2 protein chains.
Amino acid sequence: MEFPSKLLEKAVEEMSQLPGIGKRTALRLMLHMLKQPEEQTMHLANALMKMRTEIIFCNSCHNISDKEVCDLCANPLRDHQTICVVEDIRDVMAIENTQLFKGIYHVLGGKISPIDGVGPSQLKIQSLVEKVKEGKVKEIIFALSSTMEGDTTNFYIYKQIKDYNIITSTIARGISVGDELEYADEVTLGRSLVHRVPFENAFKAV
Amino acid sequence: MEFPSKLLEKAVEEMSQLPGIGKRTALRLMLHMLKQPEEQTMHLANALMKMRTEIIFCNSCHNISDKEVCDLCANPLRDHQTICVVEDIRDVMAIENTQLFKGIYHVLGGKISPIDGVGPSQLKIQSLVEKVKEGKVKEIIFALSSTMEGDTTNFYIYKQIKDYNIITSTIARGISVGDELEYADEVTLGRSLVHRVPFENAFKAV
């Protein structure tokens, strides 16, 4: 694409560095911005800069936060001995939405994935193991994606904490609520049979 | 969605103002930025601000430009008596890519669309009519989208310039090159029959 303006070209180029945004989409976004009031672009640019420079990660759970210790970790009403291990902030938000988890989180910041160049040392695994070693933890719940990378990460952490006499669990794999059985893949269906639940417990929320 | 950080929330909110970007996509983009080096976000924010504040529209054709008169309008080798009327810069870039048009452009900046609150006065129609009145134009080629709004805009302009003894034309509507006939809609197919082309001309590029 040949742009009639270097300024536009530069903006499109920077924007199309973001995942899922190609040059055409970026150009469409720029043309939209040019039609909107100037403040809107200024607000966006300032919000991006502020977020990138000022955001803090919680000292304890490594979640994104505005403070040294995030609201979840600072809440005395939560069960600080039950830790849910998740990949990133989106999973924290998703689990919080269920309103069924009252423990605290530990955000790894990714999954072990050699293909993407992510090894255990780039993730916040060590601090989780430390917490376990210090005897502060009663239960660890693994809530990573059910993929090769997720399972690898689960197993890597499990190996390091299994001797410390704590409960470890993973979230249940099975048929999604509302799903048709005939479209379920056999692995999921198989697991849902093996880990069947007593009928009188099945509809309990907590 | 409840965000654990106001900074993140603000950035997601501003980003999701853009068309086609919802809150989930915006959050995904922000998490990507947080994993990338700080400079990348700074470069993006600066490019956006610079583009929005410093970009100029060409005095003559109203296309986006870095100068008062854009490179296309300033080029003495182009035919300044043949004007191609287009909606926005993307159309200019698309037509320039064909390398088959040697005239200049006139960028309206949109189409007449009462539903979206866009009337003729918001578009650069008057300056086009002025050019015609001044006798500088031999041919006007309408190259707007083949939609209700495009046709309305074409017709609105046509009415104002038809008495000035210039050639007016629209780009041909027909079956796209490479398309299967059976999937073409009947209006397009009908038009392509009515406006059939002598066979010996059909494969000429110019």
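What you are looking at is a predicted structure, and each value in this text was computed from that prediction instead of being measured.

**Remarks on the overall build of chain A**
- A count of helices and strands for chain A gives nine helices and six strands.
- For 206 residues, the compact-globule formula gives about 17 Å, and the C-alpha radius of gyration of chain A, at 22 Å, lies well above that figure.
- In terms of overall dimensions, chain A has C-alpha extents of about 65 × 45 × 35 Å along its principal axes.
- When contacts within chain A are restricted to residue pairs at least 6 apart in sequence, those whose partners lie at least 24 apart make up 46%.
- Carbon and sulfur atoms make up 54% of the accessible area of chain A, which amounts to about 12100 Å² in all.

**Things to note about the interface of chain A and chain B**
- Counting residues at the interface gives 53 residues for chain A, matched by 53 residues for chain B.
- Buried surface at the junction of chain A and chain B, both sides included, amounts to about 5200 Å², of which 74% is carbon and sulfur.
- Three residues, L7(A), L34(A) and R52(A), lead the burial of chain A against chain B; their summed loss comes to 14% of the area buried on that side.
- On the surface where chain A and chain B come into contact, there are zero salt bridges.
- Between the two partners, chain A and chain B, sit ten residue pairs in polar contact (both at pLDDT 80 or more).

**Examining the UniProt feature "domain: Toprim" (unreviewed entry) in chain A**
- According to UniProt, the "domain: Toprim" (unreviewed entry) feature falls on residues 81-176 of chain A.
- Structurally, residues 81-176 of chain A comprises 33% helix and 20% strand, and the distance from its first C-alpha atom to its last is 29 Å.

**A look at the sheet that holds strand β4 (residues 103-107) of chain A**
Residue and element names in this part refer to chain A.
- Taking strand neighbours across the sheet as the criterion, the four strands line up as β4-β3-β5-β6 in an open arrangement whose pairing is parallel. In this open sheet, the two edge strands, each paired with only one partner strand, are β4 and β6 (167-170). When the angles between neighbouring strand axes are averaged without regard to direction, this sheet yields 25°.
- Strand direction decides the pairing type here: strand β5 (residues 139-142) and β6, joined by four bridges, are parallel. In the sheet register, I140 faces β6, and the bridge partner there is T168.
- Relative to the sheet, helix α6 (residues 126-133) contacts β3 (79-86), β4 and β5, its axis offset from that of β4 by approximately 140°.
- In this fold helix α7 (residues 148-161) packs onto β3, β5 and β6, with an angle of close to 165° to the strand it touches most, β5.

**As for the nonpolar core**
- Ranked by size, the top nonpolar core spans 46 residues in total, and within it L8(A), M15(A), M30(A), L8(B), M15(B) and M30(B) carry the most contacts.
- The residues touching M30(A), leaving out its near neighbours within four places in the chain, are L8(A), A11(A), V12(A), M15(A), L48(B) and M51(B).

**Some remarks on the relation of the copies chain A and chain B**
- In the superposition of chain A on chain B (RMSD 0.1 Å, axial shift 0.0 Å), the rotation amounts to 180°. Both copies of the chain, as the preceding transformation shows, are related through a two-fold rotation axis. No C-alpha of chain A approaches the rotation axis more nearly than that of A45(A), which lies at 2.2 Å.
- Both copies present the same face, since 100% of the interface residues in chain A are matched by interface residues at the equivalent positions in chain B.

**Quick look at the layout of surface pockets**
Residues and elements named next belong to chain B.
- For the largest pocket, the calculated volume is near 1200 Å³.
- Forming the boundary of the largest pocket are 30 residues, of which I171, A172, R173, V177 and A202 lie nearest the centre.
- At the level of elements, β3 (79-86), α5 (89-98) and α9 (199-202) are the ones that each hand at least two residues to the lining of the largest pocket.
- Looking at the lining of the largest pocket, the element that brings in the most residues is α5, giving four residues.
- Partitioning the lining of the largest pocket into residue classes produces 19 nonpolar, seven polar and four charged.

How each quantity is defined
- Residues numbered from 1 in each chain as written.
- Chains lettered and ligands numbered in written order.
- Predicted model: local features only at pLDDT ≥ 70, side-chain atom pairs only at ≥ 80, totals over all residues.
- Heavy atoms only, no water.
- Helix = DSSP H or I, 4+ residues; strand = E, 2+ residues; numbered from the N terminus.
- Rg over C-alpha atoms; globule rule 2.2 N^0.38 Å.
- Contact = heavy atoms within 4.5 Å.
- Areas by Shrake-Rupley, 256 points an atom, 1.4 Å probe, with all protein chains shown as cover.
- Buried area = accessible area lost by both parts, 1.4 Å probe.
- Salt bridge = Lys/Arg side-chain N within 4 Å of Asp/Glu carboxyl O.
- Polar contact = N/O pair within 3.5 Å; in protein donor to acceptor, adjacent residues only side chain to side chain.
- UniProt positions renumbered as here; feature names shortened; annotations may be inferred.
- Pairing = 2+ DSSP bridges.
- Axes fitted to C-alpha atoms, helices over the stretch in contact; angles between N-to-C directions.
- Core = buried A, V, L, I, M, F, W, Y, C linked by side-chain atoms within 4.5 Å.
- Buried < 20%, exposed > 50% of the residue type's maximum accessible area, 1.4 Å probe, protein only.
- Least-squares fit on C-alpha atoms with pLDDT ≥ 70 in both.
- 1 Å grid on protein atoms, 1.4 Å probe; cavity = no way out; pocket = protein on both sides within 12 Å on 5 of 7 lines; lining within 4 Å.
- Points joined across faces, edges and corners; volume = space filled by probe spheres on them.
- Nonpolar A, V, L, I, M, F, W, Y, C, P; charged D, E, K, R; others polar.

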